[in-house]
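Chain by chain, the residues:
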Amino acid sequence: MGDTPGDSNTLHEEKREVVFRPKDHHVNVTEAEAQFNALSRQLSQRSQAANSDSTAAGNDLEKGSPKDGGRFDLREYLTSSNDANQKAGIKHKHVGVVWEDLQVEVIGGLNNKLNFYSGAMLGFFLSPLLWLWSFIAPLLPSKAPPPTRAILHKSSGVLKPGEMCLVLGCPGAGCTTFLKTIANERDGYAKVSGNVLYAGIDAAEMAKYYKGEVVYNQEDDIHIATLTVAQTLAFALSTKTPGPNGRIPGITRKEFNDEVLETLLKMLNISHTRQTLVGDEFVRGVSGGERKRVSIAEMMATRARVQCWDNSTRGLDASTALDFVKSLRVMTDVLGQTTFVTLYQAGEGIYDLFDKVLVLDQGRQVFLGPPSEARAYFENLGYNSLPRQSTADYLTGCTDPNERQFSPGKSVNDTPSTPEALETAYLYSTYARDNDDAKLKYKLLMETQKADQEAFRAAVAADKKRGVSAKSPYTLGFTGQVRALTGRQFRMRIQDRFQLITSFTLSLALALVIGGAFFGQSNTSAGAFTRGSVIFTALLNTCLDAFGEMPMQMLGRPILRKQTSYSMYRPSAIALANTFADLPFSATRILLYNIVIYFMVGLHRSAGAFFTFHLFNYIAYLTMQGFFRTFGLICFNFDSAFRLAAFFIPNFVQYSGYMIPVDSMKRWLFWIYYINPVSYAWQACMENEFMRISLTCDGSSVIPRNVPGLTIYPNELGPNQACTLFGSQRGSNIISGRDYLAVGYGLNANDLWRRCFPVLVGFFITFQITQLLALEFFPQYGFNMSINLFTKEDEETKKLNTALRERKALRESSPKADEVTVDKEKKQAIVAGKRSFTWERLNYHVPTPSGPLRLLHDVYGYVKPGTLTALMGASGAGKTTCLDVLAQRKNIGVVSGDILVAGRPLDSDFARGTAYAEQMDVHEGTATVREAMRFSAYLRQPASVSKEEKDQYVEEMIELLELQDLTEAMVFSLGVEARKRLTIGVELASKPELLLFLDEPTSGLDAQSAWNLVRFLRKLADQGQAILCTIHQPSSLLFESFDRLLLLERGGETVYFGDIGQDSRVIREYFARNGAQCPSNVNPAEFMLEAIGAGVTPRIGDRDWKDIWLDSPEFQKVTREIDTIKKEALALPVPDKSSTSTYATSFIYQLRVVVQRNSTALWRSPDYAFSRLFVTGFISLFISLSFLQLGNSSRDLQFRVFGMFWVVVLPAIVMSQIEPLFLMNRKASSRIYSPYVFALGQLIGEIPYSILCSIVYWVFMVYPMGFGNGSAGLNGTGFQLLIIMFMMLFGVSLGQLMAAISPSVQVAVLFNPFLGLVLGTFCGVTIPYPSMGRFWRAWLYQLVPYTRTLAAMVSTELHGLVIRCKSDEFAIFDPPSGQTCQQWGQDFVNAVGGYIDNLNDTTACRYCQYSVGDQFYTPLNISFSNRWRDAFILFSYVVASRFLRYSKR
């Protein structure tokens, strides 16, 4: 086993055009410099600043084609370090890195336990004490610091400019931690000790002044989905373009950026994606591999000197991965960069490009030295290598107890095998001594000869745009950053057409509803109160529309974190940019909204009045937008922001001056009115309207008056009648609008410009400043998970975990035992008559703005039972698309061709018989690893399989995927690699009967894990399972494990489908026969991709390989084989489908499992559940404080109704919290269980929390306000609790409905203001039933569920409640001479209700509008006798919403 192709350093030499030399940097620098000089000449001619003595370029390093020499132009554009730059006086930036005793620690041990709902409640109530303790604790004697554990042990080394280091290790070895620490990203770690120097500059100074020169490219791709590739890169370049002193004279910023952008796209072979959206899991865009290359290009655009790449070839095909690392190699050589790279599954061609290799084992440095000597070092320690094993895989395998093999005669007893022993062996080796010597020499050089450091400082200063401080770590000044960000945010918004159209449509719909509800207000007393109502309603909806900004601030955090770590811009710049970019959209939307409302309602028609109304409405919107954005920025997560919002929103509404006049506010709370931005906007809009009009007193405002059956009173306002409207004068039926405001609301129209306007503008500026301060000094980037969180073990899991650990220990002590102890009997039952899967003439077109785009073209193939088929091709060739189409996962576009199972079209149970491990790892975050896999097994394996068998199978999957140590870990705390294993495990746990689809199952796994997985897939196939999977970067060994290959090239064209053969013989012969001879020591998987031109290398041969395939006998053989499969399958009897169902288990079983999972998830989401309790409790308490211990006056009656009205406002607020959770949990497309089960499960899981919240709300509402004094008594308050419970469940149900019909959170929250307005406006309180238009009264009033809520609550509370007016609540009128108040007014009282307080007086009769609560609600079409009917109509809305089809968009 010792002599393998991997043992030789000449592997791949036959195919590579790069000339390797042992003492150089592996690349033919002479050839690279020839290209470099050609580029210099090109720039010199343009700038006229350099001579033209450059020689002609040699052949391109990758393509061998002079016409494409621009492949490596990036060296010049990103660093300005060519000959022309030097002649212009521009300095190089060479930054060598020295790290000494670098150690990283995190808080706690491995078993960090999760906080649950009970803990969240306890923590909240203890928070005041804990807050006080935080001040006291520093004054007391300090105790021991919290325990920490090292995840990276003392590591030392040096990497000079122009060198590349490959960091290798198993998952969890500390590779990512090492890279992040070298890149100066130290957040999330408890302690980082040791010393890191960058060209002699310490880490603190580097972070402060040169942050953008040391960057880290994370494994996950995070981008703005609605920007195109070109826009994404253009923005990155615009923030990093060097200033005039850093560019060649004569080249403008635009020219520089355009050429760099073009070069980046060409270099990474993504020019064709220039105008394609980047996309994400919700927005269709570029492929996964192309998105990875966008991430690479974005970081290259930073022109950083020290670059750390974390598994940046994940998702790239083998050819593209090699191209990328070659690009890094040339850039590092010519530009003097310092490059650290960690890779999984690095081929020999990639491995040979590095200068140093660093091997880590559980955070310990076990080797650092030349790559060419690393294999020999570990072989001398006593480790043997496997056949065809690449050097990188061998080195990683030596640190894996499960995979390593000892040389003949060696064993674990006489070979360093623990991390500590390997570290000790290295420290005593010559490599450690050489490393220390090189480190000390380089440190001394940096301390004594500071040429590199000074040149670096000068070059960074020269890069800055004019006016940027020399101490600033940014290339662009603050105003330039804001300008660039504003352009990006504007494009992002305008390209998100769905959200844009939805927001404008809903805004106009809102305006039409409000305008229609308050249509055509008259200048009479009847229009006075409703004018105030429409102004308040229009303003409040505008302001609360900004509430949707809060979750948006959370969603943008990962991008903000990444780009600020690249020093593209200050965090605070995004706040101003968001405001500026939003202005055109919000200004247009609110202008249209105001036009519709203003003129439909009939407010004062003059240009001055309208634009004043619009100005204050819009400034109020901007102010509240800034307010909600501030909370979105300072809060750690949405739930904490939601709790804060609940503190303020009731106050904005309650203390605006409309619901409670200032003089009726409690003395200890009225100050809220003066710090409420909404109150100033409402005042201004009221003053703007009423200062311009006069009102005529008529109708119900006149007392006493004629009513049906009564004709004894004058028809016009007479001397013995009074007008009840505020500001009326005796004997006059005209009321000045100014008097109405002054008497009714205490408002002075002169305050419009002198008080309201400057205060609102002041609020706007204040909230802009708070955003800047929040982002700059208190940035919240979300939870940077450096540790796993575990749940507590119960008796069952403790036994299972003990068994897993024992088996793991047995396998480690006796590796051979694994093959013997695996329980093979259970896996050898091959079902006779398994069905084959075929597809013919498969085409797929998707709609684009320019017309249909074809992604797949005439693809043929088949998968037989017991075979393992690979689907390969370049990134962007359509592999995932083909897999999605075959698995029936596409819901847009047009699919044509035949997809057959056993020669027949697909049945409804197709999805049930298949499993699909997607590229995106989407899971229920609060489940444990074992729970997630069991959930899949319970619902997807047939009901005939017992629970014990399913549990046992899950244990086997856990063992196979080496997740034994993470069985109780929460999914959201898992790393990338562990999540990938779990994704595969969840699908494998389903034991698919027909077909297993896997999309890049080995992507993100290390070589050993990938080999284990493919070996297991091979075992499954040998037992009869049909498997089809896409795969990237397979080693020779991995590649040969597959039976067949479907190879695609760009455009979804088939290049080959057929057998691979032993030692890849069949496919080698096919390519050799057509002119592409694969050398014996080259990985055929890499070779065939290069042969068809998958990377930047031109294809071999003159003909397109798809045409060769169509003319080949192999193609004819495939079509004949498909015909044979169909013919044989159709000859068999048609299987009985009578008992076939879409799902594997019954509806009731699904519901039980799903409800249990949802209940557990909510219990483990303390912030979510407790936030609901806090919000409901706080709103109820604060409203009650405003209406504390209400009496029985006329005004108190109104306040009782307002207090109950908040019950219908509550669902609109709670919906904002429910929608994000529902969208995260939505899994309808997986077809694991019925969408009805999903909908019911979500609701049932919420019921206990909804009941608890209802009780808390009820307690804080009923007792502080003094409810239950009517005829219904205490029984009535119990009925109120029932209504509140129904309303809480309705709010949950409605929120889930809105989420179900929305594609994203951004769209879902747009519906909330619209629904809240419609439901709240037409329930008969905001617009009283008699005042409501006949059109709305006929249908919408009856349809709105809140009508039933308020009818039931108001009638129950007010029935039989005796009303006694206070002295200032009476309407005063004088009877005619010689008559008493009773004689003149009693007939009126008998007809309309109320009472006269002084019946026998002859002057100043005091009339009270109500004598009993029933007189208030009877005119509103409410009846006490209908309250139970209304209650169950409301409940029917909760039930009915469950029957809506919840589908995944």
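Values in this document were obtained by computation on a predicted structure and should not be read as measured data.

A short note on the overall build of the protein chain
Now for step 1: Broken down by element type, the protein chain carries 51 helices and 31 strands.
Now for step 2: Within the span of the protein chain, comprising 1449 residues, buried residues form 60% of the whole.
Now for step 3: Within the protein chain, contacts between residues at least 6 apart in sequence are counted, and of these 79% link residues at least 24 apart.
Now for step 4: Accessible surface computed for the protein chain: about 55700 Å², of which carbon and sulfur atoms make up 57%.

Points about the sheet that holds strand β29 (residues 1371-1373)
Now for step 1: Spatially, three strands are ordered β29-β31-β30 in an open sheet, and the strand pairing comes out antiparallel. Of all strands in the sheet, those bounded by a partner on one side alone are β29 and β30 (1395-1396).
Now for step 2: Strand direction decides the pairing type here: β29 and strand β31 (residues 1405-1408), joined by three bridges, are antiparallel. Bridge pairing in β31 links F1373 to C1405.

Observations concerning the state of the cysteines
Now for step 1: If you walk through the whole model with that rule in mind, you get three disulfides.
Now for step 2: C1365 shares a disulfide with C1408; S-S distance 1.8 Å. Here the S-S torsion is close to 65°, and the disulfide linking C1365 with C1408 is therefore right-handed. Taken together, the positions of C1365 in the loop between α48 (1345-1358) and β29 and C1408 in strand β31 put the pair 43 residues apart, joining distant regions of the chain. Comparing C1365 with C1408, the two get one shared label, buried.

Considerations on the packing of aromatic side chains
Now for step 1: Within this structure, the stated rule accounts for 76 aromatic pairs.
Now for step 2: With centroids separated by 5.1 Å and ring planes inclined at 55°, the aromatic side chains of Y210 and F456 adopt a geometry described as tilted. Of this pair, Y210 sits in the loop between α6 (203-209) and β7 (214-217) while F456 sits in helix α16 (residues 451-463), placing them 246 residues apart in sequence.
Now for step 3: F456 gets classed as buried once you look at its relative accessible area, which sits at 0%.
Now for step 4: Residues F837 and F997 carry aromatic rings whose centres are separated by 6.1 Å and whose planes lie at 80° to one another, so their mutual orientation is edge-to-face. With a gap of 160 residues between them, F837 in strand β19 (residues 837-846) and F997 in strand β25 (residues 995-999) connect regions that are remote in the sequence.
Now for step 5: Every member of this aromatic cluster is reached through a ring pair, and the members are F529, F536, Y658, W682, F690, F726, Y740 and Y745.
Now for step 6: Taking the ring centre of Y1395 as reference, the NZ or CZ of R1364 above it sits at 4.6 Å.
Now for step 7: Between the NZ or CZ atom of R1427 and the centre of the ring of F1279, over which it lies, the distance is 4.9 Å.

With respect to the confidence of the model for the protein chain
Low-pLDDT portions of the prediction should not be read for the details of their coordinates.
Now for step 1: With 86% of its residues at a pLDDT of 70 or more, the protein chain shows a mean pLDDT of 81.
Now for step 2: Looking across the protein chain, the model is least confident in helix α30 (residues 817-821), with a mean pLDDT of 40, and most confident in strand β10 (residues 356-361), with 94.
Now for step 3: Note on residues 1-82: pLDDT is under 50 here. Beyond four places in sequence and across chains, it has 206 contacts.
Now for step 4: Long-range and interchain partners of residues 816-829, a stretch whose pLDDT sits below 50, account for twelve contacts in this model, where long-range means more than four residues apart.

Examining helix α24 (residues 638-654)
Each full turn of the α-helix corresponds to 3.6 residues, which orients residues three or four apart in the same direction.
Now for step 1: Its 17 residues give α24 an end-to-end C-alpha distance of 24 Å, which sits within 8% of 24 Å, the value for a rise of 1.5 Å per residue.
Now for step 2: Maximum bend of α24: about 25°, positioned at A646, with proline P650 one to four residues after it.
Now for step 3: Of all 17 residues making up α24, 14 are buried, and the element is well covered by its neighbours.

Digging into the sheet that holds strand β11 (residues 364-369)
Now for step 1: In space, the six strands of this open sheet follow the order β7-β8-β9-β4-β10-β11, with mixed pairing throughout. Bordering the open sheet on either side are β7 and β11, each of which pairs with just one other strand. Averaged over all adjacent pairs, the angle separating strand axes in this sheet is 15°, with direction ignored.
Now for step 2: Pairing geometry for strand β4 (residues 164-168) and β10, over four bridges, is parallel. Residue pairing across strands places C165 opposite K356, the latter belonging to β10.
Now for step 3: Sitting on the sheet, helix α10 (residues 318-335) touches β4, β8 (306-310) and β9 (338-342), and the angle it makes with β4 is about 140°.
Now for step 4: Lying over the sheet, helix α14 (residues 419-427) contacts β10 and β11, oriented at roughly 35° with respect to β11.

Considerations on the environment of A150
Now for step 1: Structurally, A150 is set in strand β3 (residues 148-159).
Now for step 2: Residue A150 is classed as partly exposed on the basis of its relative accessible area, which comes to 23%.

Focus: the pattern of salt bridges
Opposite charge on two side chains makes pairing possible when the charged atoms of those side chains draw close.
Now for step 1: Counted by the stated rule, this structure contains 48 salt bridges.
Now for step 2: Notably, a salt bridge pairs K439 with D436, separated by 3.7 Å at the nearest N-O pair. One end of the pair is K439 and the other is D436, both in helix α15 (residues 430-448) and three residues apart, which spans about a single turn.
Now for step 3: Taking the shortest distance from any N to any O, the salt bridge between R934 and D951 comes out at 3.3 Å. Of this pair, R934 sits in helix α32 (residues 929-940) while D951 sits in helix α33 (residues 947-960), and the two are 17 residues apart along the sequence.
Now for step 4: You can call R934 buried: its relative accessible area is 10%.
Now for step 5: Each of E100, D436, K439 and K443 takes part in one network of salt bridges that share partners.

Topic: the environment of A230
Now for step 1: Along the polypeptide, A230 turns up in helix α7 (residues 229-240).
Now for step 2: Expressed as a C-alpha distance, the spacing of A230 and T273, which sit 43 residues apart in the sequence, is 8.0 Å.
Now for step 3: Non-local contacts of A230, meaning those with residues more than four positions away in its chain, are made with L261, R274 and Q275.

As for the side chain of S295
Now for step 1: Among the secondary structure elements, S295 is positioned in helix α9 (residues 288-300).
Now for step 2: Those residues in contact with S295, other than ones at most four positions away along the chain, are N217, D221 and H223.

Looking at unusual backbone geometry
Now for step 1: In this structure, the amide linkage connecting I703 to the following residue, P704, adopts the cis form with an omega of -15°.
Now for step 2: Tracing the backbone through its elements, the reader meets P704 in the loop between β15 (702-703) and β16 (722-723).
Now for step 3: Positive phi values are uncommon outside glycine, yet Q362 reaches one of about 50°.
Now for step 4: Here Q362 shows up in the loop between β10 and β11.
Now for step 5: Looking at Q362, the relative accessible area reads 54%, which means it is exposed.
Now for step 6: In this structure, D1063 takes a positive phi of about 55° despite not being glycine.

Here's the deal with the nonpolar core
It is characteristic of soluble globular proteins that their nonpolar side chains tend to be buried jointly.
Now for step 1: Residues F628, W682, M1261 and F1322 are the most contacted members of the largest nonpolar core, which totals 167 residues.
Now for step 2: Ranked by residues supplied to this core, first place goes to helix α43 (residues 1194-1225) with 15 residues.
Now for step 3: In contact with F1322, not counting residues within four places along its chain, are V513, A517, M1332, W1336, L1340, Y1341, V1344 and T1347.
Now for step 4: Of all hydrophobic cores here, the second largest spans 119 residues; its members include L159, A199, A575 and L633.

Some points on helix α35 (residues 1007-1022)
Now for step 1: Taking 1.5 Å as the rise per residue, α35 with 16 residues should run 22 Å; its terminal C-alpha atoms sit 22 Å apart, in good agreement.
Now for step 2: The buried fraction of α35 amounts to twelve of the 16 residues, a majority that puts the element mostly inside the structure.

Concerning the pairing of strand β27 (residues 1044-1049)
Now for step 1: Within β27, six of the six residues are buried, which leaves it mostly tucked inside the rest of the structure.
Now for step 2: Residues R1044, L1046 and L1048 point to one face of β27 and L1045, L1047 and E1049 to the other, with burial holding for every one of them.
Now for step 3: Alignment of strand β21 (residues 868-873) against β27, held across five bridges, turns out to be parallel. Residue pairing for β27: M872 is matched across the bridge by L1047.
Now for step 4: Where β27 and strand β28 (residues 1053-1059) come together, six bridges link them in antiparallel fashion. Following the sheet pairing, L1047 is matched in β28 by Y1056.

Quick notes on the packing of helix α41 (residues 1147-1163) against helix α44 (residues 1235-1265)
For any two helices packed against each other, one specifies the crossing angle of their axes together with the interaxial distance.
Now for step 1: It is at 8 Å that the axes of α41 and α44 come closest, and there the two elements cross at 45°. Accordingly, the angle class assigned to the pair α41 and α44 is oblique. Relative to α44, the crossing made by α41 is right-handed. Taking contact as the criterion, the partners of F1147, Q1150, L1151, V1154, V1155, N1158, S1159, L1162 and W1163 in α41 are, on α44, Y1236, V1237, L1240, G1241, Q1242, I1244, G1245, E1246 and Y1249.

Side note on the packing of helix α23 (residues 607-634) against helix α26 (residues 677-690)
Now for step 1: Taken N-terminus to C-terminus, the directions of α23 and α26 make an angle of 175°; their axes are 9 Å apart at the nearest point. Compared by their axis directions, α23 and α26 come out roughly antiparallel. From α23, G608, A609, T612, F613, F616, A620, T623 and M624 reach across to α26, where they touch P677, V678, A681, A684, C685 and N688.
Now for step 2: Taken together, the residues of the contact of α23 with α26 sort by class into ten nonpolar, four polar and no charged.

Rules behind the numbers
Sequence positions are assigned chain by chain, starting from 1 and proceeding in written order. pLDDT decides what is reported in this predicted model: residues at 70 or higher carry local features, side-chain atom pairs at 80 or more are listed and counted, and totals for whole chains, interfaces and linings draw on all residues regardless. Each side-chain value is worked out from all heavy atoms of the structure, with water and hydrogens disregarded. Runs of H or I in DSSP of at least four residues are treated as helices and runs of E of at least two as strands, each being numbered from the N terminus. Here the term buried applies to any residue with accessible area under 20% of the maximum for its type, exposed to any over 50%, and partly exposed to those in between, with areas from a 1.4 Å probe on protein chains only. Whether two residues are in contact is decided by their heavy atoms, any of which lying within 4.5 Å being enough. In short, Shrake-Rupley with a 1.4 Å probe defines the accessible areas, and a residue's cover is counted only from the protein chains shown. Note on pairing: two strands pair once DSSP finds at least 2 bridges between them. A pair of cysteine sulfur atoms is labelled a disulfide when the two atoms are within 2.5 Å. Between 30 and 60 degrees the pair is tilted, below 30 it is stacked and above 60 it is edge-to-face, where a pair is any two Phe, Tyr or Trp rings, Trp via its six-membered ring, whose centres lie within 6.5 Å. For a Lys NZ or an Arg CZ to count as sitting over a ring, it must be within 6 Å of the ring centre and within 35 degrees of the ring normal. Residue-level confidence of the predictor is summarised by pLDDT, bounded by 0 at the bottom and 100 at the top. By definition here, a helix of n residues has an expected span of 1.5 Å times n minus one. Bend is the name given here to the angle between axes fitted to two runs of seven residues, the run ending at a residue and the run starting at it. Note on geometry: axes are C-alpha line fits, over the in-contact stretch for helices, and angles between N-to-C directions span 0 to 180 degrees. One side-chain nitrogen of Lys or Arg within 4 Å of one carboxyl oxygen of Asp or Glu is enough to make a salt bridge. To qualify as a nonpolar core, a set must consist of buried Ala, Val, Leu, Ile, Met, Phe, Trp, Tyr and Cys residues joined through side-chain atoms within 4.5 Å. Throughout this description, any angle smaller than 35 degrees is read as roughly parallel, any larger than 145 degrees as roughly antiparallel, any in the 65 to 115 degree range as roughly perpendicular, and the remainder as oblique. In this scheme the crossing of two helices becomes right-handed for a clockwise turn of the near helix relative to the far one and left-handed for an anticlockwise turn of less than a right angle. When residues are sorted by character, Ala, Val, Leu, Ile, Met, Phe, Trp, Tyr, Cys and Pro go into the nonpolar class, Asp, Glu, Lys and Arg into the charged class, and all the rest, Gly among them, into the polar class.

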